[in-house]
Amino acid sequence: MSSPGEYYNSLPPITKAYGTLCLLATTLSQLGLVAPVHIALIPELVIKQFQVWRLITNLFFLGGFSINFGIRLLMIARYGVQLEKGPFERRTADFLWMMIFGSLTLLVLSAIPFFWTPFLGVSLVFMLLYLWSREFPNANISLYGLVTLKAFYLPWAMLALDVIFGSKIMPDLLGIIAGHLYYFLTVLHPLATGKNYLKTPKWVNKLVARWRIGAPVAAVRQAGGVGAGGPGAGGGVGGGGAYSSARAPPESSNTAFRGRSYRLTD
């Protein structure tokens, strides 16, 4: 059995960075070094006082230390890692662009008063869950050992659990919307029309290459990932020609998920 340090070092770069920042944000909040109200997404402060850091910091806060926080962190470690090591293997730039696109989508949706929520971290995690459920739709998931369902229905099951336990539905719903929009633009639409309008920008590839994050861009292209396939070549999330969504599902999960609402406090 590997040590915690070995496990952490084995995590793929983008998922590891995001999970670490989420843990750091909650730790700083619990220690009283950073108040949640100072990193929350508050449009009035962003626009009138130019507190633009709120557009980014709200994406890393999953709430205070609790069972719910631990579950969300485990979701990153499980579903985020399986995505980055599976359909996004050797496609670090594509995975990073997926996270960026998802974040931008969530921010745009939050600009609508009906969809506004102070923290979008849970929504971003839920987007990862939604995309994972589309990549591994036939995986068997057991909730509390009472109900077994296909992974395809897991996002909706978790959303229902949030409603049952009195949690806010909006963060989960935003994650589903953002995840489906990305899936539609990178998988469903290209398969139907042969055109992919959401290709990974060159600047993202250059950023990954410059900072040597994950697999080098040249190696990815040679392996058949980024830029390897023409329009409509992608069969899985992100549209990589060499990575089809038709793959064996992972082992069944016996983890039960329970959601709770987050409150913005000083």
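All of these numbers come straight from a predicted model, not from anything done at the bench.

Scanning the chain from terminus to terminus reveals 11 helices and two strands. Of the regular secondary structure in the chain, the N- to C-terminal order runs α-α-α-α-α-α-α-β-β-α-α-α-α. The proportion of buried residues among the 266 residues of the chain is 49%. Within the chain, contacts between residues at least 6 apart in sequence are counted, and of these 70% link residues at least 24 apart. Accessible area for the chain stands at about 13,100 Å²; split by element, carbon and sulfur atoms hold 65% of it.

The sites that carry the UniProt feature "transmembrane region" (unreviewed entry) are, in the present numbering, residues 21-43, 55-75, 96-129, 141-161 and 173-192. Secondary structure content for residues 21-43 is 48% helix and 0% strand, while the C-alpha to C-alpha distance between its ends is 22 Å. Across residues 173-192, helical content stands at 100% and strand content at 0%; the span's end C-alpha atoms are separated by 26 Å.

At a minimum axis separation of 9 Å, helix α6 (residues 92-110) and helix α9 (residues 170-193) run at an interaxial angle of 130°. Between α6 and α9, the interaxial angle falls into the category oblique. Seen along the crossing, α6 lies across α9 with a hand that is right-handed. Across the interface between the two elements, D94, M98, F101, G102, T105, L106, L109 and S110 from α6 touch L174, G175, I177, A178, L181, Y182 and L185 from α9. When grouped by side-chain class, the residues that make up the contact of α6 with α9 number 10 nonpolar, four polar and one charged.

Looking now at the pattern of salt bridges. Summed over all chains, the structure comprises one salt bridge. Taking the shortest distance from any N to any O, the salt bridge between R91 and D94 comes out at 2.8 Å.

Geometry of a packed helix pair, given as the angle between the helix axes and the separation of the axes. Remark: α6 packs on helix α10 (residues 202-210), axes separated minimally by 9 Å, with the N-to-C direction vectors making an angle of 120°. Here α6 lies oblique to α10, going by the angle between them. As for the relative orientation of α6 and α10, their crossing is right-handed in sense. Touching T92, A93, L96, W97 and I100 of α6 are W203, V204, N205, L207 and V208, all from α10. Residues of the contact of α6 with α10, tallied by class, amount to eight nonpolar, two polar and no charged.

Moving on: the nonpolar core. Counting residues in hydrophobic clusters, the biggest one holds 67 residues, and the most contacted among them are M98, L131 and W132. M98 has contacts with F88, M127, L128, L131 and Y182, leaving out every residue within four places of it along the chain.

Conventions and cut-offs
- Residues numbered from 1 in each chain as written.
- Predicted model: local features only at pLDDT ≥ 70, side-chain atom pairs only at ≥ 80, totals over all residues.
- Heavy atoms only, no water.
- Helix = DSSP H or I, 4+ residues; strand = E, 2+ residues; numbered from the N terminus.
- Buried < 20%, exposed > 50% of the residue type's maximum accessible area, 1.4 Å probe, protein only.
- Contact = heavy atoms within 4.5 Å.
- Areas by Shrake-Rupley, 256 points an atom, 1.4 Å probe, with all protein chains shown as cover.
- UniProt positions renumbered as here; feature names shortened; annotations may be inferred.
- Axes fitted to C-alpha atoms, helices over the stretch in contact; angles between N-to-C directions.
- Parallel < 35°, antiparallel > 145°, perpendicular 65-115°, else oblique.
- Left-handed = near helix turned anticlockwise from the far one by under 90°.
- Nonpolar A, V, L, I, M, F, W, Y, C, P; charged D, E, K, R; others polar.
- Salt bridge = Lys/Arg side-chain N within 4 Å of Asp/Glu carboxyl O.
- Core = buried A, V, L, I, M, F, W, Y, C linked by side-chain atoms within 4.5 Å.

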